[in-house]
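Reading the structure
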Amino acid sequence: REKSKDDAGIAFVLNNMGEARASQGRAEEAEADYLRALEIYRKLPYPDPDLANACFNLGDLLRKRGKIDKTLALLKEASEVIEKTLGPDHPQMAKTLHNIAVIYMGQGGRVDEADGLFRRSRAISERAYGPDHPEVASSLDNHARLLEGMPDRQDEVAEMRRRVQEIRSKRR
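Being a predicted model, the structure only gives us computed values, none of them experimental.

A few words on the overall build of the chain. For the chain, the count of helices and strands is eight helices and zero strands. Its helices and strands in sequence order give the chain the pattern α-α-α-α-α-α-α-α, from N to C terminus. Its C-alpha atoms give the chain principal-axis dimensions of about 55 × 30 × 30 Å. Total accessible area on the chain is roughly 9400 Å²; 49% of this is exposed by carbon and sulfur atoms. Both charge centroids of the chain, one from 30 positive and one from 30 negative side chains, sit 2 Å from each other.

Here it is as structure tokens:
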């Protein structure tokens with residue numbers, strides 16, 4: 001059991017090193033750090049919520065490098081880990097679902113899936129942070145962008161845009 005804690009600590013440090021290297025533009029080194037962290041986290045005898053963070057970080061790095069399929073797989077893994085370790089209504093779940101929805105939005109043809117994920121993400125964010133939080137505004141804004149080309153959903157888009165403006169005006 002003590003070894004597992006040590007391993008989790010090593011994975012945590014590797015993930016942090018990956019973040020530092022990514023912020024310095026050292027993408028290949030960051031990717032190697034993230035991959036090593038993931039390898040360690042996945043071998044632990046228990047699910048660790050920090051595995052989701054490592055998935056999220058590597059996914060973001062890969063997304064920036066155009067590796068969308070790998071990003072999507074990592075985000076889905078992160079959502080599974082979050083659900084098991086933190087619960088389906090944790091704010092980290094909202095962020096992960098939002099990012100999956102953004103990818104679906106960019107892929108075209110996955111509008112219904114993205115629509116559902118944006119709704120679920122926003123509901124989690126509203127419960128966790130309240131209806132006037134910037135995370136809610138971000139979700140509304142992206143959701144409106146998804147729906148703006150659909151003539152039958154324009155009333156919904158207008159309401160979303162109104163709420164975004166309202167939330168952002170309260171933050172100034």
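Next comes the rest of the account.
Locating Thr-96 in the fold gives a position in helix H5 (residues 91–107). Other than its neighbours up to four places away in sequence, Thr-96 contacts Phe-56, Leu-75, Ala-78, Ser-79 and Ile-82.

A cluster of nonpolar side chains, namely Phe-12, Val-13 and Met-17, defines an oily patch on the protein surface of about 240 Å² accessible area. Residue position: Phe-12 is located in helix H1 (residues 2–23).

All right, on to the side chain of Arg-163 then. With respect to the secondary-structure elements, Arg-163 resides in helix H8 (residues 154–170). For Arg-163, a relative accessible area of 19% gives the class buried. Contacts of Arg-163, omitting those with residues within four sequence positions, involve Glu-126, Pro-131, Val-136 and Leu-140.

Moving on, we come to the nonpolar core. Leu-38, Tyr-41 and Leu-58 are the most contacted members of the largest nonpolar core, which totals 45 residues. Of all the secondary-structure elements, those providing two or more residues to this core are H1, helix H2 (27–43), helix H3 (49–64), helix H4 (68–85), H5, helix H6 (111–129), helix H7 (134–147) and H8. In terms of residue count, H3 provides more of this core than any other element does, eight residues in total. Sequence-distant contacts of Tyr-41, that is, excluding residues within four places in its chain, are made with Ala-8, Ala-11, Phe-12, Asp-48, Asp-50, Leu-51 and Ala-54.

Scanning the entire structure with this criterion turns up 23 salt bridges. The salt bridge partner of Arg-127 is Asp-89, with a shortest N-O separation of 2.9 Å. Of this pair, Arg-127 sits in helix H6 while Asp-89 sits in the loop between H4 and H5, and the two are 38 residues apart along the sequence. The exposure class of Arg-127 is exposed, given its relative accessible area of 55%. Taking the relative accessible area as the measure of exposure, Asp-89 reaches 47% and is therefore partly exposed. Among the charged side chains, a network of salt bridges with common partners joins Asp-132, Glu-159, Arg-162, Glu-166 and Lys-170.

Mapping Asp-112 onto the fold places it in helix H6. Residue classification places Asp-112 among the exposed positions, given a relative accessible area of 65%. Once the C-alpha coordinates of Asp-112 and Ala-101 are considered, the two residues, eleven residues apart in sequence, prove to be 9.7 Å apart.

Looking at the element boundaries, Val-13 is found in helix H1. Measuring from C-alpha to C-alpha, the distance between Val-13 and Asp-33 comes to 9.0 Å, with 20 residues separating the pair along the chain.

This part takes up H8. Helix length check: H8, at 17 residues, gives a terminal C-alpha distance of 24 Å against a target of 24 Å (1.5 Å per residue), a fit within 8%. Along H8, the positions that sit buried rather than exposed are Val-157, Met-160, Arg-163, Val-164 and Ile-167. Around the axis of H8, the buried residues are gathered within 125° of arc, so they sit on the same side. H8 presents Asp-155 and Gln-165 as exposed residues on the side facing more than 90 degrees away from its buried surface. The inward-facing, buried residues of H8 contact H6 and H7.

What counts and what doesn't
Counting restarts for each chain, with residues numbered from 1 along the sequence as it is written. Per-residue local features are limited, in this predicted model, to residues with pLDDT of at least 70; the limit for side-chain atom pairs, both in listing and counting, is 80 or more; totals at the level of whole chains, interfaces and linings are taken over all residues. Excluded from the side-chain calculation are hydrogens and water; included are all heavy atoms of the structure. A run of H or I in DSSP becomes a helix once it reaches four residues, and a run of E becomes a strand once it reaches two; helices and strands are each numbered from the N terminus. Computed with a 1.4 Å probe, the accessible areas rest on the Shrake-Rupley method; for each residue, only the protein chains presented here act as cover. Counting rule applied: Lys, Arg positive; Asp, Glu negative; His and chain ends not counted. Here the site of a charge means NZ on Lys, CZ on Arg, CG on Asp, or CD on Glu. Pairs of residues are marked as contacts when any of their non-hydrogen atoms sit within 4.5 Å. The residues that make up patches have over 30% relative accessible area and no salt bridge, and they are joined within 9 Å when like-charged or within 5 Å when they are Val, Leu, Ile, Met, Phe, Trp or Tyr. Within this document, salt bridges are pairs made up of a side-chain nitrogen of Lys or Arg and a carboxyl oxygen of Asp or Glu, the two lying within 4 Å of each other. Burial classes: relative accessible area under 20% of the type maximum marks a residue as buried, over 50% as exposed, and values in between as partly exposed (1.4 Å probe, protein chains only). Working definition of a nonpolar core: buried Ala, Val, Leu, Ile, Met, Phe, Trp, Tyr and Cys residues. They are joined through side-chain atoms within 4.5 Å. Multiplying one less than the number of residues by 1.5 Å gives the expected span of a helix. Directions are taken from the helix axis to each C-beta atom, and the arc is the one they span.

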